[in-house]
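# Structure assessment
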Amino acid sequence: MSALQKTIMKNKLPPKVPRTSSSKLAPFSGGRRKDYTPVSWRNYFEKFLDLETEGGIFRVYLSPEPDMPQRPRIVTLHGGGYSALSWALFTEEITNMIHCQVVSLDVRAHGETQAKDPDDLSIDTLVKDVEQVLHKLYGQEMPPIILLGHSMGGAIAVRAAHVPSLEPFVQGVAVIDVVEGTAMEALASMQSFLRSRPTHFKSIEHAIEWCVRSGQVRNVASARVSMPSQIINCSTGRLATNEVEDYQSELTPTEPLAPAPRADVIAEEGEGEGEGEGEGEGDVAHFAKPLDEDRGMKYGWRVRLAESERHWAGWFRGLSAAFLAARAPRLLLLASLDGLDRDLTVGQMQGRFQMQVLTRCGHAVHEDSPAEVARVVSAFALRHRLTDSTHCDEHYL
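Structural notes, computed from the coordinates. Sequence order sets the numbering: in each chain, residues are counted from 1 along the sequence as written. In keeping with the predicted nature of the model, local features appear solely for residues at pLDDT of at least 70, side-chain atom pairs appear and are counted solely at 80 or more, and the whole-chain, interface and lining totals rest on all residues. Working from all heavy atoms in the structure, the side-chain values ignore hydrogens and water.

Spatially, β11-β14-β12 is the arrangement adopted by the three strands of the open sheet, whose pairing is antiparallel. Edge positions in the sheet fall to β11 (200-201) and β12 (231-233), since each has one partner strand and no second. The rule for pairing is simple: two strands pair if DSSP sees at least two bridges between them. By the criteria applied, helices consist of DSSP H or I runs no shorter than four residues and strands consist of E runs no shorter than two, each listed in order from the N terminus. For β12 and strand β14 (residues 299-301), the ladder comprises three bridges, and the chain directions are antiparallel. Its bridge partner being in β14, Asn233 is matched across the sheet by Tyr299.

Another aspect to go through is helix α14 (residues 370-383). A helix is expected to reach a length of 1.5 Å times the quantity of its residues less one. The end-to-end C-alpha separation of α14 is 20 Å, in line with the 20 Å expected for 14 residues at 1.5 Å each. Burial status follows relative accessibility: with a 1.4 Å probe on protein chains alone, a residue under 20% of its type maximum counts as buried, one over 50% as exposed, and anything between as partly exposed. With respect to burial, α14 is a largely interior element, 10 of its 14 residues being buried. Taken together, the buried positions of α14 are Pro370, Ala371, Val373, Ala374, Val376, Val377, Ser378, Phe380, Ala381 and Leu382. Looking one or two residues past α14, Arg385 carries a phi angle of roughly 55°, positive in sign.

Before going further, it helps to examine the nonpolar core. Grouped together as the largest cluster of nonpolar side chains are 57 residues, with contacts concentrated most on Ile156 and Leu332. Examining the composition of this core, we find that eight residues originate from one element, helix α3 (residues 123-138), more than from any other. Contacts of Leu332, omitting those with residues within four sequence positions, involve Val175, Val178, Val179, Phe323, Leu340, Leu344, Phe353, Gln354, Met355 and Gln356. Grouping buried Ala, Val, Leu, Ile, Met, Phe, Trp, Tyr and Cys residues that are joined through side-chain atoms within 4.5 Å yields what is termed a nonpolar core. By size, the runner-up hydrophobic cluster in this structure holds 37 residues, among which are Tyr61, Leu85, Cys100 and Val373. Note on definitions: a residue-residue contact is assigned when non-hydrogen atoms from the two residues lie within 4.5 Å.

To pair, rings of Phe, Tyr and Trp, with the six-membered ring standing in for Trp, must have centres within 6.5 Å; the planes then decide the type, stacked if under 30 degrees apart, edge-to-face if over 60, and tilted in the middle. All told, the structure shown has 10 aromatic pairs when counted by the stated rule. Between the aromatic rings of Phe201 and Trp210, the centroid separation amounts to 5.8 Å while the plane-to-plane angle is 55°, which identifies the pairing as tilted. Both residues of the pair, Phe201 and Trp210, belong to the buried class. One aromatic cluster is present, built from ring pairs that chain together Trp41, Phe45, Phe48 and Tyr61. The aromatic ring of Phe48 is capped on one face by Arg59, whose charged end is 3.6 Å from the ring centroid. For a lysine, the NZ atom is tested; for an arginine, the CZ atom; a charge sits over a ring if that atom is within 6 Å of the ring centre and within 35 degrees of the ring normal. One residue, Arg197, lies across the ring of Trp301, its end atom 3.9 Å from the ring centre.

Below you can see the structure in the form of structure tokens.
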């Protein structure tokens, strides 16, 4: 059973939004303090571009340019309901390991992307979006590309690797925690899982806290930068990420935004050992100057995933065969060894792709363990001579 299936099927569904009383969160009391203050994306990416295609205006976040133009661009594609900022900590890690540039895309109806038809989340449309965005970004000078996708994004990456105008430039395909067989089985329970989530949050900090306590993302550092890009202010329709930026710009030098935590810190010691488990007894949430405590703002989900059900099966149907048929080297990262379906099990035995299982992770493997995922992807790129290490000694990978 995959990490996603376990998250959906486990008896303890994601908890409701915790209620605050003073500095304590019922039913927890006393003990460790945890900071759920949002962190700006600018700590991890150099800039963003809004690229207009026939499908709409697509937001792309970029790390600094690599040292040479022939270095690979790692195009990251997020899962359903997530955003490009779910790759923030991974970006920081991998650009310190190998020479590359990370190009992180908000797919249509997600994050800051404004599509002309946001309800069209069919796999063909999503793949066409990626093709058009990359051609808009690079024109006739397409660089080497490594497609890296999580969940729904993994399905997009695999299909994009077969697009004729991109295939000659795709030097690697890596997918995270998505396998056709287990994904198709999990779809039957997806609506129940989505109904179990809270519909609104009192504040941005509340949303980040829920994200961590529910197990959606076990790494507090990652949740602090990625969760605001998944919720909007219901009064204004603005993405919470924009409010974080506004708040940071208003701060004086003596009142800095809470610094970004280390990327390799996974929540707190002792967390993340059980899927979806919250904090232990004795935890206290610490909000460092909540952005909206006095304004009474209410936040809801940016993406109405439940309404996209008609597209779910199309994302994953035929995925295993398409993955195995890709011409470029292939990498599969899983949170559980028992997540393989029959086709991939046979393919693994035949050595047709590289596989890595990362333990102590939930479904969002790249957010829970960004340093480990970066090491695996870096080793994959070095093994196939797609780039060079930023260090003299590559053995640390």
